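Geometric and topological summary
Listed below, chain by chain, are the residues.
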Amino acid sequence: MTTGIRALAALLLLCAGGCSPAYVLRAGWEEARILSARRPIRAVIHDTTVARETRDKLRLVLDARDFAERDLGLRAGASYESFTQLHRDTLVLTVLAAPEFELRWKTWWFPIVGHLPYKGYFDFEDARAEAAGLAAEGYDVSVRAVSAFSTLGWFPDPIMSTTLRLDSLGLVETVIHEITHSTYFPTGQADFNESFANFVGHRGAIEFFCDAVRDASACERARLRWDDTRVFGRFFHSILEPLQEVYASDMPDDAKRVAKREVFEEAARRFETDYRPQLRAGQYGLIDPAGLDNAWILSRLLYYTRLDDFERVYAARGELVPSVEALMREASAGDPWEALTRLTEGPR
């Protein structure tokens, strides 16, 4: 069976009951194209017709991959040993939606991975059509560009040219983030999976640059990025309570819409006065209150939930490996968020 047929067959199984036939066929076709276009990274590195910047970044990908397996105990499998050059700037568009007056995701169910609060599209017009349909039903909708994804070990994921657009810190963070998904991915726990991988990706990048390659400048920048990421997470969480008060009130819908907009406008002001001065790495830009809604905040919380609690687990153990092992062990028999709560009650 060819790689392309294997990809399509697996995707048909993965999406059975959760995706339309057209969606499945397009996903299978695109995954097959990505896999068939792979080149071994080591071969690309020695190809002098390839731009030096690309070759240098691919060396960094291999170094980060090896570090993730050797030093962090993560399972990369056959992922990130190959490279695929895409002929577009965006890999996938993801569509996320939330009810207008509720802080909960609309989810789609898929076998293997369970309920997910997003749906990815290789066909960007299909993504926009899905978003328009959801908006017409009254949902707040967010459409986001994605430069990398993990198939959780189902396929030998290549690094994409879209991912190589990241700087060196972002590239290492992303490689470790995606390999974390291949190592640990409890079903139906999208916010935990992404936030946990965000923690491992950032903390792993710090250990990579500070301890493995001993690049003092990159080490400091990696630390600042992780600090800023947690500040950003606190900002998102600060919006939840005032929104929930609005949604739980007895106000008519029109009044709720006005109050909701006021909450987001106040949040944007607070970001400028209270949170932005704390940021030191320069990775976060301005926030336009006109673009804020439930889908926007939930799409961010997907990656920024309880990051300070993950950091507390790390602080209690002093290293990333025992922190990751403790989290996976504690969560093995139940809800991973409850496991995180137990671990933050004190070192074990």
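Note that the structure is a prediction, hence the values are computed from the model and not measured.

Thresholds, definitions, all that
- Residues numbered from 1 in each chain as written.
- Predicted model: local features only at pLDDT ≥ 70, side-chain atom pairs only at ≥ 80, totals over all residues.
- Heavy atoms only, no water.
- Helix = DSSP H or I, 4+ residues; strand = E, 2+ residues; numbered from the N terminus.
- Buried < 20%, exposed > 50% of the residue type's maximum accessible area, 1.4 Å probe, protein only.
- Contact = heavy atoms within 4.5 Å.
- Pairing = 2+ DSSP bridges.
- Axes fitted to C-alpha atoms, helices over the stretch in contact; angles between N-to-C directions.
- Polar contact = N/O pair within 3.5 Å; in protein donor to acceptor, adjacent residues only side chain to side chain.
- pLDDT = per-residue confidence, 0-100.
- Core = buried A, V, L, I, M, F, W, Y, C linked by side-chain atoms within 4.5 Å.

Points about the side chain of T84
Note that T84 resides in strand β2 (residues 82–84). Owing to a relative accessible area of 1%, T84 belongs among the buried residues under this scheme. Excluding residues that lie within four positions of it along the chain, T84 makes contacts with I34, A37, R38, P158, I159, M160 and S161.

A few points about the sheet that holds strand β6 (residues 119–121)
Spatially, β6-β3-β7 is the arrangement adopted by the three strands of the open sheet, whose pairing is antiparallel. With one partner strand each, in any of the chains shown, β6 and β7 (139–146) form the two edges of the open sheet. The average angle at which neighbouring strand axes cross in this sheet is 25°, direction not considered. As paired elements, strand β3 (residues 92–99) and β6 share three bridges and run antiparallel to each other.

Brief notes about the environment of T183
Tracing the sequence through the fold places T183 in helix α6 (residues 168–183). Classification of T183 by relative accessible area gives buried; the value is 8%. As a C-alpha pair, T183 and A76 span 107 residues in sequence and 7.4 Å in three-dimensional space. Here the side chain of T183 touches I179 through a polar contact of 2.9 Å, landing on its backbone oxygen.

Considering the confidence of the model for the protein
Put simply, the protein has an average pLDDT of 87, and 87% of its residues get 70 or more. Here residues 1–18 is modelled with pLDDT under 50, and outside its nearest four sequence neighbours on either side it reaches 31 contacts, counting other chains as well.

Structural notes on the nonpolar core
If you look at soluble globular proteins, the nonpolar side chains tend to sit buried side by side. Judged by nonpolar contacts, the single largest core of 78 residues is most densely connected at I159, F196, F199, F235, I239 and F310. A total of 13 residues in this core trace back to one element, the largest contributor, which is helix α8 (residues 216–248). When residues no more than four places from it in sequence are discounted, the contact partners of I159 are I41, L58, V61, Y80, S82, F83, T84, L164 and V175. Counting residues in hydrophobic clusters, the runner-up holds eight residues, among them W108, Y121, A131 and L134.

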